[in-house]
Amino acid sequence: MTRRKKTRSLADKVSIRTGKRKDYRKWRRENPDEITPSRRYVEKKRQQRKAQAARKLERERSAPILDLHVTEPVAKSGQEDDNSKES
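Residues numbered from 1 in each chain as written. Predicted model: local features only at pLDDT ≥ 70, side-chain atom pairs only at ≥ 80, totals over all residues. Heavy atoms only, no water.

Engineer: Looking at this structure, how should I read the overall build of the protein?
Structural biologist: Across its full length, the protein holds three helices and zero strands. Shown N-terminal to C-terminal, the secondary structure of the protein runs as helices and strands in the order α-α-α. Across the 87 residues of the protein, 3% fall into the buried class. On the protein, roughly 9700 Å² of surface is accessible, and the fraction owed to carbon and sulfur atoms is 51%. (Helix = DSSP H or I, 4+ residues; strand = E, 2+ residues; numbered from the N terminus. Buried < 20%, exposed > 50% of the residue type's maximum accessible area, 1.4 Å probe, protein only. Areas by Shrake-Rupley, 256 points an atom, 1.4 Å probe, with all protein chains shown as cover.)

Engineer: Could you clarify how one ought to interpret the confidence of the model for the protein in this entry?
Structural biologist: When pLDDT drops low, the exact placement of atoms in the prediction is not to be read closely. Per-residue confidence for the protein gives a mean pLDDT of 76; residues scoring 70 or more make up 62%. Taking the mean pLDDT of every element in the protein, the minimum, 54, falls on helix H3 (residues 74–86) and the maximum, 96, on helix H2 (residues 39–62). (pLDDT = per-residue confidence, 0-100.)

Engineer: So what exactly am I meant to see when it comes to the pattern of salt bridges here?
Structural biologist: For side chains of opposite charge, pairing can occur when their charged atoms come near one another. Counting across every chain of the model gives one salt bridge. Salt-bridge contacts for Arg 46 lead to Glu 43; the nearest nitrogen and oxygen are separated by 3.0 Å. One end of the pair, Arg 46, and the other, Glu 43, are both in helix H2, three residues apart, so they sit about a helical turn from each other. The exposure class assigned to Glu 43 is partly exposed, which follows from its relative accessible area of 37%. (Salt bridge = Lys/Arg side-chain N within 4 Å of Asp/Glu carboxyl O.)

This is the structure:
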């Protein structure tokens, strides 16, 4: 006697959450207000954000100061403005 092959035809008929991925996804779509991230995940992300902020702050503090806007004497920049207006 040969074994019968298991059929998956009952998968769509299941209306309760059985732990199967398909059923869980269906349950999640029907009950979005009951879903919250785990405490472990929330704490992990909080620590990651904290570490990232600390690294960013350290980078900002250790970065060299660039002289992008060099302060020039007022008279010199005033002459340039007068010349540019005449052109």
